[in-house]
Amino acid sequence: MTLLEDPTGQHWGYELSKRSGVRSGVLYPMLTRMLDEGWVEDGWEDPTTLREKRPPRRYYELTDEGRLALGGVLQQARTEARFTGLIGRFA
Amino acid sequence: MAELIDAVVSWPSLLLVLVVFGFAPGFCLRLIVLAYPRNDPRRAELIAELYAVPRIQRPLWVAEQLEVALFEGLAHRVSAALRRLTGRRRARARAGDRAERLKFVVMVGAVAGAWVGVGVGVVVGAGVGAGAWAWVVARVWAMVGVVAGAGAGAGAVAGAVAGVVVWAVVMAVVVAVAVVGAGAGVMAVAGAVAVAVAVAGVGAVAVVWDWAG
């Protein structure tokens, strides 16, 4: 759901974890599965554009397939009452 | 309270804070990511993410990564090790197959090579033989030609000689006939003249005899 808040943007693991409230022990395996499924694709920050002294971070972007798939998941979740609170902000 | 403040601002406490919030998270995280396979991008990703985490949260975040690394990284390592083991078995099997295929290829190659060699040998041998045969035949025919030419030449010479001889003989005969003819003619003329003279003499004698008579 957090990925769909900015479907075309770049997302980082820690940022996704903080925004979604999902622990990294759950989030990273999910991201790995989504990568395997082709829902997201990953990349690395360009080191020449970094202003801080830190290594380039790995980002994740939703693919078209991922957007469609997550849209379908969202559509399905809307029909189930138990997800109402979760998807309220996407309604 | 003063004791507490003293304890907080003491060197050991400062050292402890530096270790817990400064040195330890990065050091421990670098040890933790070793649980991931060598080429796993998660190694670099987690180290880079550490710098995005506020310092105060780093120790706990690193502890969380230990949990992830133990269950995700070690699982990857085990599966990678299993893949390597099965890959080696497959490689060994493939190597065995390769040896068998190599033997088969060598055998087929040897047989094919032998047949090709035989074929090439036959063709080359036939060519050389034919060439040699043609050379010999040419030589023989050349000799025959020479002989025939010589014979022809000799024959021609002989023929020419014979022709000359025949011509000479014929000419001689012709000349002889002519000569004989001419002689005969001359003799005939002479005989005729003689006959005529004789007749004339007889007639003159007769006339004279008559006249005298």
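Residues numbered from 1 in each chain as written. Chains lettered and ligands numbered in written order. Predicted model: local features only at pLDDT ≥ 70, side-chain atom pairs only at ≥ 80, totals over all residues.

## Digging into the overall build of chain A
- Helix and strand counts for chain A come out as five helices and three strands.
- Each helix and strand of chain A, placed in order from N terminus to C terminus, yields the pattern α-β-α-α-β-β-α-α.
- Relative to its 91 residues, chain A shows a buried fraction of 18%.
- Excluding contacts between residues fewer than 6 apart, the proportion of contacts in chain A whose partners are at least 24 apart in sequence is 40%. (Helix = DSSP H or I, 4+ residues; strand = E, 2+ residues; numbered from the N terminus. Buried ≥ 20, exposed ≤ 12 C-beta atoms within 10 Å, placed from the backbone. Contact = placed C-beta atoms within 7 Å.)

## Quick word on the overall build of chain B
- For chain B, the helix and strand inventory stands at four helices and zero strands.
- Overall, chain B shows an N-to-C arrangement of helices and strands of α-α-α-α.
- A buried classification covers 9% of the 213 residues belonging to chain B.

## Digging into helix H3 (residues 24-37) of chain A
Residue and element names in this part refer to chain A.
- Its 14 residues place the ends of H3 19 Å apart at the C-alpha level, agreeing with the 20 Å of an ideal helix rising 1.5 Å per residue.
- Residues of H3 that are buried: Ser-24, Tyr-28, Leu-31 and Met-34. Taken end-on, H3 shows its buried residues confined to a sector of 125°, consistent with a single buried face. Exposed residues lying more than 90 degrees from the buried face of H3 are Val-26, Arg-33, Asp-36 and Glu-37.
- Immediately beyond the C-terminal end of H3, within one or two residues, lies Gly-38, with a positive phi of roughly 85°. (Expected span 1.5 Å × (residues − 1). Arc of directions from axis to C-beta.)

## Brief notes about the nonpolar core
- Core analysis: the largest hydrophobic core is formed by 21 residues, its most contacted members being Leu31(A), Val40(A), Leu29(B), Ile32(B), Val33(B), Ala35(B) and Ala69(B).
- Residue assignment for this core shows that the elements contributing at least two residues are H3 and strand E3 (58-62) of chain A together with helix H2 (11-32), helix H3 (42-50) and helix H4 (58-212) of chain B.
- No other element matches the four residues that H4(B) contributes to this core.
- Every residue in contact with Val33(B), bar those within four places of it in the chain, is listed here: Arg43(B), Leu46(B), Ile47(B) and Ala69(B). (Core = buried A, V, L, I, M, F, W, Y, C linked by C-beta atoms within 7 Å.)

## Examining the packing of helix H2 (residues 13-20) of chain A against H3(A)
Residue and element names in this part refer to chain A.
- In contact at an axis separation of 10 Å, H2 and H3 are set at 120° when each is read in the N-to-C sense. Between H2 and H3, the crossing angle belongs to the class labelled oblique. As for the relative orientation of H2 and H3, their crossing is right-handed in sense. Residues Gly-13, Leu-16 and Ser-17 of H2 touch H3, and the partners they reach there are Ser-24, Leu-27, Tyr-28 and Leu-31.
- For the contact of H2 with H3, the residue count by class is four nonpolar, three polar and no charged. (Axes fitted to C-alpha atoms, helices over the stretch in contact; angles between N-to-C directions. Parallel < 35°, antiparallel > 145°, perpendicular 65-115°, else oblique. Left-handed = near helix turned anticlockwise from the far one by under 90°. Nonpolar A, V, L, I, M, F, W, Y, C, P; charged D, E, K, R; others polar.)

## A short note on the sheet that holds strand E1 (residues 10-12) of chain A
All names here are of chain A.
- Here three strands make up an open sheet; going across it, the order is E1-E3-E2 and the pairing antiparallel. One side of each edge strand has no neighbouring strand; the edge strands of this open sheet are E1 and strand E2 (40-44). For this sheet, the mean angle separating the axes of adjacent strands, direction not counted, is 40°.
- In the sheet, E1 pairs with E3 via three bridges, with the strands oriented antiparallel. Each bridged residue has a counterpart across the sheet, and for His-11 the counterpart in E3 is Tyr-60. (Pairing = 2+ DSSP bridges.)

## Looking at the confidence of the model for chain A
- Put simply, chain A has an average pLDDT of 82, and 89% of its residues get 70 or more.
- Ranking the helices and strands of chain A by mean pLDDT puts E3(A) first, with 90, and helix H5 (residues 84-87) of chain A last, with 64. (pLDDT = per-residue confidence, 0-100.)

## Describing the packing of H2(B) against H3(B)
Residues and elements named next belong to chain B.
- Running from N to C, H2 and H3 point in directions that differ by 170°, and their axes come no closer than 10 Å. As far as their axial angle goes, H3 and H2 are roughly antiparallel. Side by side, H2 and H3 meet where Pro-25, Gly-26, Leu-29 and Arg-30 of the first sit next to Leu-46, Ile-47 and Leu-50 of the second.

## Quick word on the interface of chain A and chain B
- With 13 residues of chain A at the contact, the number on the chain B side is 15 residues.
- Looking at the side of chain A that touches chain B, the elements with two or more residues in it are H2 and H3 of chain A.
- Here the element with the most residues in the side of chain A that touches chain B is H3(A); it accounts for four residues.

## Brief notes about H2(B)
- Maximal helix bending in H2(B) amounts to about 50°, located at Ala24(B); proline Pro25(B) follows within four positions.
- Taken together, the buried positions of H2(B) are occupied by Pro25(B), Leu29(B) and Ile32(B). (Bend = angle between axes of the 7 residues up to and from the residue.)

## What to know about the confidence of the model for chain B
- The share of residues in chain B with pLDDT of 70 or more is 68%, and the mean pLDDT across the chain is 75.
- Reported confidence for the predicted complex is 0.78 by ipTM and 0.50 by pTM.

## Observations concerning the environment of Ala48(B)
- Tracing the backbone shows Ala48(B) in helix H3.
- C-beta crowding within 10 Å serves as the criterion here: with 19 such atoms nearby, Ala48(B) is assigned to the partly exposed category.
- Sequence-distant contacts of Ala48(B), defined by excluding residues within four places in its chain, comprise Arg54(A), Pro55(A), Pro56(A), Arg57(A) and Arg58(A).

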